[in-house]
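Summary of structural features
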Amino acid sequence: MSDVSNYLVCASQRSGSTLLVESLAASGVAGKPQEFFQYFTASSQAPQPREWFAGVHDPEILDLLAPIDDGIVDTRGSEEWKADILDQGRSPNGVWGGKLMWNQTPLLIARSRVASGSLRTAIRSIFDGVDPVYIHVYREDVVPQAVSMWRAVQTRVWRDEAGVHSSGEDGAVYHAGGIAHLAGILLEQDRNWRRWFAAESIEPVEVGFGDLVRNPTDTTARVLSAIGQDPDLAPPPPLKPQSNARSKEWADHYRIDATRNGYPL
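Let us look at the structure shown here. (Residues numbered from 1 in each chain as written. Predicted model: local features only at pLDDT ≥ 70, side-chain atom pairs only at ≥ 80, totals over all residues. Heavy atoms only, no water.)

1. Let's talk about the packing of aromatic side chains
- Here the structure, examined in full by the defined rule, presents 13 aromatic pairs.
- On the basis of an interplanar angle of 65 degrees and a centroid distance of 5.1 Å, the ring pair of Trp-96 and Phe-127 is categorised as edge-to-face. Taken together, the residues span a long stretch of sequence, with Trp-96 in the loop between α3 (78-88) and β2 (97-101) and Phe-127 in the loop between α5 (119-126) and β3 (133-138) at a distance of 31 residues. Like Phe-127, Trp-96 is buried.
- Grouped by ring-pair contacts, the aromatic residues Phe-36, Phe-37, Trp-81, Trp-96 and Phe-127 constitute a single cluster.
- For Arg-139, the ring lying beneath its charged end belongs to Phe-209, and the centroid distance is 3.8 Å.
- The lysine or arginine in question, Arg-194, covers the ring of Tyr-138, its NZ or CZ lying 4.9 Å from the ring centre. (Phe/Tyr/Trp six-rings, centres within 6.5 Å; stacked < 30°, edge-to-face > 60°. Helix = DSSP H or I, 4+ residues; strand = E, 2+ residues; numbered from the N terminus. Buried < 20%, exposed > 50% of the residue type's maximum accessible area, 1.4 Å probe, protein only. Lys NZ or Arg CZ within 6 Å of the ring centre and 35° of its normal.)

Structural data, given as structure tokens:
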């Protein structure tokens, strides 16, 4: 399997995409995929907890989130930025991998300086006018996804190494309104990916959270095959899901609150 393919994982936060890209990276033949497009030029940082809640004024929610750090301005031009991400995302065999969330698409378009404002043109501009292999990672149930993100924005812990015990006592506090706000964002992100794929007549490799968690090695093998690499190189999962009994309790609690208050489900 000598064909080299660039690929882009298209997802929303807490969808299982980190498990997939870490597994692909651990194969040694599928690039070094990272979330290259999440960083604001003004701060060189990914969206911070309070930035996810722009327009929200409830002090009960905002008081649970860390203050915004101004960060450092990224002064790289478009060509230097492109060269950096291409270098950082390639494995020795030449395969490049990356991950893009829908909320990051305006950043990608702006940094690539595509005059048309087209997302597909912006993506192609990174790869000399050629499409990468598109991989769509999605989560079938937004409730545990939003619960997971609500915990993560409070604790700023976004991943859990495989084999490391994680207790449920992380200091995060349940708040139905906070979870509802994030559930709305996550639902719209996945809808936008699906609309975009349909509008562009793209048939991505589809990866559901359920399959990824139940059969991580087999799912990684399927993606390796899709990008022209040996599926037998799929490794055991390097990360474990962060969901625990507390997450499940919050999800059950939120479903009750959502039904009562008309929150997203």
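Moving on from the model shown.
2. Thoughts on the nonpolar core
- Counting 25 residues, the largest nonpolar core has Phe-53, Trp-150, Val-153, Ile-179, Leu-182 and Tyr-254 as the members making the most contacts within it.
- Of all the secondary-structure elements, those providing two or more residues to this core are α2 (59-62), α6 (142-155), α7 (176-199) and α10 (245-261).
- Counting residues per element, this core draws most heavily on α6, which supplies seven residues.
- Look past the residues within four positions of Leu-182 in its chain and what remains in contact with it is Trp-52, Phe-53, Ala-146, Met-149, Trp-150 and Val-153. (Core = buried A, V, L, I, M, F, W, Y, C linked by side-chain atoms within 4.5 Å. Contact = heavy atoms within 4.5 Å.)

3. Some thoughts on the environment of Pro-106
- The topology assignment puts Pro-106 in helix α4 (residues 105-112).
- Spatially, the C-alpha atom of Pro-106 lies 9.9 Å from that of Ala-122, the residues being 16 residues apart in sequence.

4. Examining the sheet that holds β2
- Strands sit in the order β2-β1-β3-β4 across an open sheet of four strands; the sheet is parallel. Sheet topology places β2 and β4 (205-208) at the edges, where each strand pairs with a single neighbour. Sheet twist, expressed as the mean angle between neighbouring strand axes with direction ignored, is 25 degrees.
- As judged from the five bridges shared by strand β1 (residues 7-11) and β2, these two strands associate in the parallel manner. Residue pairing for β2: Tyr-7 is matched across the bridge by Gly-97. (Pairing = 2+ DSSP bridges. Axes fitted to C-alpha atoms, helices over the stretch in contact; angles between N-to-C directions.)

5. As for the pattern of salt bridges
- Under the defined criterion, the tally for this structure stands at 15 salt bridges.
- Among the salt bridges present, the one from Glu-35 reaches Lys-99, with a minimum N-O distance of 3.5 Å. Taken together, the residues Glu-35 in the loop between α1 (17-26) and α2 and Lys-99 in strand β2 connect sequence positions 64 residues apart. There is no split in this pair, since Glu-35 and Lys-99 are both buried.
- Three or more residues joined by partner-sharing salt bridges are found here, namely Asp-74, Arg-76, Asp-84 and Arg-111. (Salt bridge = Lys/Arg side-chain N within 4 Å of Asp/Glu carboxyl O.)

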